[in-house]
Amino acid sequence: VFEHYTNDLFKRIGVDRSESTWWRYRASLGHLRAFLKHEYNLHDIPLLELEQSFIEQYHVYLKTVCHLKAGSACRYIDCLNNVVKISFNNGLMPRNPFAFYSYSAPKEPRTFLSEKELRLFQTTRLKSAKHEYHRDLFLFSCFTGICYKDMRYLTCEQIIPDSEGHLWIHGNRCKTGGEYMVKFLPAALRLLEKYRGTAPSPLAFDMPKLSSINCSLRRITKQCGISRHITFHCARHTFAVLMLDLGADIYTVSKLLGHRFLTTTQIYAKVLDKNKQNAVSLIPDIG
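These remarks concern the structure in this document. In every chain, residue numbers begin from 1 and rise along the written sequence. Local features in a predicted model are, by the rule used here, given only for residues with pLDDT of at least 70; side-chain atom pairs are given and counted only at 80 or more, and totals for whole chains, interfaces and linings are based on all residues. Computation of side-chain values covers all heavy atoms of the structure but excludes hydrogens and water.

Take the overall build of the protein next. Along its length, the protein carries 12 helices and 3 strands. Relative accessibility under 20% of the residue-type maximum defines a buried residue, over 50% an exposed one, and the middle range a partly exposed one, all with a 1.4 Å probe and only protein chains included. Scored against the burial criterion, the 287 residues of the protein give a buried share of 40%. The contact criterion used throughout is that any non-hydrogen atoms of two residues lie within 4.5 Å. For the protein, long-range pairs separated by at least 24 residues make up 60% of all intrachain contacts whose partners lie at least 6 apart in sequence. Only the protein chains shown count as covering a residue, and every accessible area follows the Shrake-Rupley method with a 1.4 Å probe. Surface exposure of the protein reaches about 17,200 Å², of which carbon and sulfur atoms provide 54%. Counting from the N terminus, the helices are DSSP H or I runs at least four residues long and the strands are E runs at least two residues long.

Further remarks concern unusual backbone geometry. In this structure, the amide linkage connecting Ser-201 to the following residue, Pro-202, adopts the cis form with an omega of 5 degrees. Looking at the secondary structure, you find Pro-202 in the loop between α8 (186-194) and α9 (210-224). Despite not being glycine, Asn-41 has its phi angle at roughly 55 degrees, a positive value. Position of Asn-41 among the secondary structure elements: in the loop between α2 (19-40) and α3 (52-64). Residue Asn-41 is classed as exposed on the basis of its relative accessible area of 55%. Positioned with a positive phi, His-67 is a non-glycine residue whose angle comes to about 55 degrees. Secondary-structure assignment places His-67 in the loop between α3 and α4 (70-89).

This next bit is on the packing of aromatic side chains. Working definition: a ring pair exists when centres of Phe, Tyr or Trp rings (six-membered ring for Trp) sit within 6.5 Å. Plane angles under 30 degrees give stacked, over 60 give edge-to-face, the rest tilted. If you walk through the whole model with that rule in mind, you get 17 aromatic pairs. When the ring of Phe-140 is compared with that of Phe-184, the centres are 6.0 Å apart and the planes differ by 55 degrees; the resulting orientation is tilted. Separated by 44 residues along the polypeptide, Phe-140 in helix α6 (residues 129-144) and Phe-184 in the loop between β3 (179-183) and α8 bring together distant segments of the chain. By relative accessible area, Phe-140 is classed as buried at 0%. Connected via pairs of aromatic rings, a cluster forms that spans Phe-35, Tyr-40, Phe-54, Tyr-58, Tyr-61 and Phe-98.

Listed below in structure tokens is the structure:
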């Protein structure tokens, strides 16, 4: 059943599912097969024999034998839960044995650059041309909110002028399909012009592998004197927090980021509120 669902996902890539979703289920299928062999010495198990203890043991297996972090383990548990739920809904089993199994992925803090750190990123002189290029790609994401995958497939045709001549990026997110429109800030426009014509047509940028950019960002943050761990996705967080800090309403920011749900954007508002509370606590008690 799990293998059939995974194969079906492959056929839906680009229609209503992303390639990353298929990869996650494919990896989950591998873990599930290994677990059945490790725990039961089986290559498969009937749906009717599943009990809650199965998913409990599988969860422990992912964290101990596979040494996965809590967040990664929960993503694979989600896959198993979803397949069993669909099997129940399709009448393949009389009950859902995992219906009352509760777990929650840890909430990872949103890392972003402050205005001061962003200025450091812009102005620090770098020795490597590759690092400078990777830094500029990161900064473009900071000023537009575009994630790596959307930026990887960004085409020149998506950059359109309005009636007043201002340039906008118009597209749909690869991850959710949600529409987004972002007006070019001057800093983002300068970066676009800097690398115009250097990418294979019709792309706007020649995007290296994400792992390569993140490796460069680790070195760049060290050169800038920033001790925190920064990845490319932090650029998107930086854009969201900056927009909210500058007074943009949360609904507008949600549309700029292409979020399907406002609750996703509210995470950044909570981060900003916490920072403001911390700032207030620094005011000395003069009285």
